[in-house]
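# Topology and contacts: notes
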Amino acid sequence: MEVTVVGAGLVGCLLACYLARRGHEVTLYERRADPREAGAERGRSINLAISERGIDALRRLGLDGEVLAEALPMPGRMMHAIDGTLSFQPYSADGRRAINSISRGELNRKLLDAAEAMPGVRVHFGHRLTGIDDGVLTFDTPQGPVTSGKTPVVIGADGAYSAVRAKLQTQPGVDFSQSYLDYGYKELSVPARYGDFAFDPGALHIWPRGRSMMIALPNPDRTFTCTLFWPHEAFDALDTPEKVRRHFAEHYPDAAEAMPGLADDYAANPVGNLVTMRCSPWHRTIGPTTIGLVGDAAHAIVPFYGQGANCGFEDCVELDRCLDETGDDFPAALALFERRTADTEVIARLALDNFVEMRDKVGSRTFLAGKRVEHALERVLPGRYASRYELVSFSTTPYSEVERRIARQRRWVAGAGLGVAALVALALRRGK
Ligand code: FAD
């Protein structure tokens, strides 16, 4: 079957690999120039955290080893208090499981290589989709507008502001919502210090500051990429280099010391938006063409659980499963794929909730004590109790099942009462 995928970002490239493995002829259209020749585009995050769901999707195609070879494992988060005190909190009970800091550009380039190496995949760069009419796709290219032949299946992997979704939205019965946070994000960089990392590279660093926060992820070249998540008006307020330096010296003193180019970075780098997008359904057959959506085009979420790309990669696994179940009947497979909304709805909500946890709660003693109790429970009740973070980041348990399991565990712990409390107390006393 001829399948057109719009968007050769992270999800589009991986989906092309999955579809080609099934024997489909895949044409991938990307509005940008080939990033392997043109270099990275500014404006999206420079690095991102990949965890088990993403790794599982890569592993099924044998791509995990190559991708993880350049990743930096982060087994926990390091909180930076204003007075410089650091507190490390492992993500898992045994302290060994890690999320992985990966360069977005490098990951995209590897996935493009992988897609192009599959038989039956063709990639057209510099093609920005502008319309779909009667099965024909129109693109803006540097040479002017071009059109495709009649296209039976189009899958939009063209991100949060998807042009494919815009076509679906013209159809009666297709619901769409977008919800912006009052917050934006801006990236800054921390160069290597005397040839080494300025902070511990084995952690995701967080500067929780109540209504705002900054995070930093390590890069293989020993730099860190910091991301500020601030209310929009806070960005606007720092309108001179002096104000920027003063603000950082006051609120992020240890980071400010490590950022000699702070004021220039701050002035040069854009403020990005944080948005949750919902669309329902994700597919329709319009005239001769069946249209579907995956990744951010279907369900863009805010980045606070580090799950957007992981979830998009998992979409590819799930769509592959739906094609298995329907014998590669695309309209039927895309209809079945709608069952995934139960999961994407959950992660959209968890991502929003986690913002409050990261920017505010992680700095508090009560929160850290709660996490220690949670990890003690995981150790004394292996297989019986697992934290939400563990299930979201280190398993492929469907997100909706994660929520059901957390609710069951809470009921069980509340019912077991004193017995569980005694076990936890013992485990904490033994420092287990
Ligand atoms: P995109 O990455 O947006 O790719 C879409 C592609 O389509 C692009 O190549 C674009 O050029 C192309 N395109 C767009 N329009 C057209 C058109 N009209 N015609 C042709 N091509 C088009 N996720 C994680 O899992 N972990 C993290 O740690 C993480 N951190 C993040 C931090 C920030 C600050 C942000 C903003 C997001 C983060 N995410 C993270 C989310 C993650 O970036 C997205 O979920 C992921 O990039 C979605 O991939 P995608 O391929 O669906 O969309």
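Residues numbered from 1 in each chain as written. Predicted model: local features only at pLDDT ≥ 70, side-chain atom pairs only at ≥ 80, totals over all residues. Heavy atoms only, no water.

### Points about the nonpolar core
The line we're drawing: In this text, buried Ala, Val, Leu, Ile, Met, Phe, Trp, Tyr and Cys residues form a nonpolar core when linked through side-chain atoms within 4.5 Å. Here's how the labels work: a residue is buried when its accessible area is under 20% of the maximum for its type, exposed when over 50%, partly exposed in between, all with a 1.4 Å probe on protein chains only. Strands are runs of DSSP state E lasting at least two residues, helices are runs of H or I lasting at least four, and both sets are numbered from the N terminus onward. Note on contacts: a residue pair is in contact if any heavy atoms of the two residues lie within 4.5 Å.
Of all hydrophobic cores here, the largest spans 65 residues; its most connected members are Leu14, Leu111 and Phe313. Top element by residues in this core is helix α1 (residues 10–21). It accounts for 10 residues. Residues in contact with Phe313, not counting those within four places in the same chain, are Leu10, Val11, Leu14, Ile50, Gly54, Ala57, Leu58, Leu107 and Leu111.

### A look at the pattern of salt bridges
Definition in use: Think of a salt bridge as a Lys or Arg side-chain nitrogen and an Asp or Glu carboxyl oxygen that are within 4 Å of each other.
For the structure shown, the criterion picks out 37 salt bridges. For Arg109, the salt bridge is made with Glu106, and the minimal N-O distance between the two is 3.2 Å. Of this pair, Arg109 and Glu106 both sit in helix α5 (residues 104–117), separated by three residues, roughly a single helical turn. On the accessibility criterion, Arg109 (21% relative accessible area) is partly exposed. Its relative accessible area of 27% is what places Glu106 among the partly exposed residues. Measuring nitrogen to oxygen at the nearest pair gives 2.6 Å for the salt bridge that ties Arg339 to Glu318. Placement of the pair is Arg339 in the loop between α13 (330–337) and α14 (341–359) and Glu318 in helix α12 (residues 308–326), with a sequence separation of 21 residues. Here Glu318 falls in the buried class, since its relative accessible area comes to 9%. Residues joined by salt bridges that share partners form a network here, namely Arg21, Arg22, Asp320, Asp324 and Asp328.

### Quick word on the domain arrangement of the protein
Convention followed: These domain boundaries are the output of an automatic or database domain assignment. Summed over both partners, buried area is the accessible surface (1.4 Å probe) that two parts give up on being assembled.
Considered domain by domain, the protein is made up of domain 1 (2–73 + 99–176 + 275–353), domain 2 (179–273) and domain 3 (364–430). Taking only C-alpha atoms, the centre of domain 1 and the centre of domain 3 are 34 Å apart. Each side of the interface is counted separately: domain 1 has 16 residues, and domain 3 has 14 residues. Together, the buried faces of domain 1 and domain 3 total about 1,300 Å²; carbon and sulfur atoms form 59% of this surface.

### Some points on the layout of surface pockets
Basically, it comes down to this: Definitions used throughout: a 1 Å grid over protein atoms alone; a cavity as a set of points that fits a 1.4 Å probe which cannot get out; a pocket as an open set with protein on both sides within 12 Å along at least five of seven lines; a lining residue as one with an atom within 4 Å of a point. Grid points are joined across faces, edges and corners, and a volume is the space filled by probe spheres set on the points. In the scheme used here, Gly and all other residues not listed as nonpolar or charged are polar, with Ala, Val, Leu, Ile, Met, Phe, Trp, Tyr, Cys and Pro taken as nonpolar and Asp, Glu, Lys and Arg as charged.
Counted as a void, the second largest pocket has a volume near 380 Å³. Elements that contribute at least two residues to the lining of the second largest pocket include exactly α14, α15 (365–380), α16 (388–393) and α17 (399–416). In terms of residue class, the lining of the second largest pocket is made up of six nonpolar, four polar and seven charged. Each of domain 1 (2–73 + 99–176 + 275–353) and domain 3 (364–430) gives at least three residues to the lining of the second largest pocket.

### Quick look at the sheet that holds strand β10 (residues 136–141)
This is how the line gets drawn: Note on pairing: DSSP must find at least two bridges between two strands before they are called paired. Only the stretch in contact is used when fitting a helix axis, every axis being a line fitted to C-alpha atoms; angles between N-to-C directions are given from 0 to 180 degrees.
As summarised here, the arrangement of the three strands in space is β9-β10-β11, forming an open sheet in which the pairing is antiparallel. Among the strands making up the open sheet, the edge pair consists of β9 (128–133) and β11 (144–150). Averaged over all pairs of adjacent strands, the angle between their axes in this sheet comes to 25 degrees, without regard to strand direction. Note: β10 against β11, five bridges, orientation antiparallel. Each residue of the ladder has a partner; that of Thr138, found in β11, is Thr147.

### What about the packing of aromatic side chains?
Test applied: Working definition: a ring pair exists when centres of Phe, Tyr or Trp rings (six-membered ring for Trp) sit within 6.5 Å. Plane angles under 30 degrees give stacked, over 60 give edge-to-face, the rest tilted.
Counted according to the given criterion, the structure contains 19 aromatic pairs. With centroids separated by 6.4 Å and ring planes inclined at 70 degrees, the aromatic side chains of Phe229 and Phe355 adopt a geometry described as edge-to-face. Note that Phe229 is positioned in strand β16 (residues 224–231) and Phe355 in helix α14, a separation of 126 residues in sequence. Phe355 matches Phe229 in its accessibility class, with the two residues each being buried. An angle of 10 degrees between the planes, with centres 3.9 Å apart, marks the rings of Phe304 and Phe355 as stacked. Residue Phe304 is located in the loop between α11 (296–299) and α12, and its partner Phe355 is located in helix α14; the two are separated by 51 residues in the primary sequence. Like Phe355, Phe304 is buried. An aromatic cluster is built from Tyr183, Tyr185, Phe229, Phe304 and Phe355, whose rings are joined through pairwise contacts.

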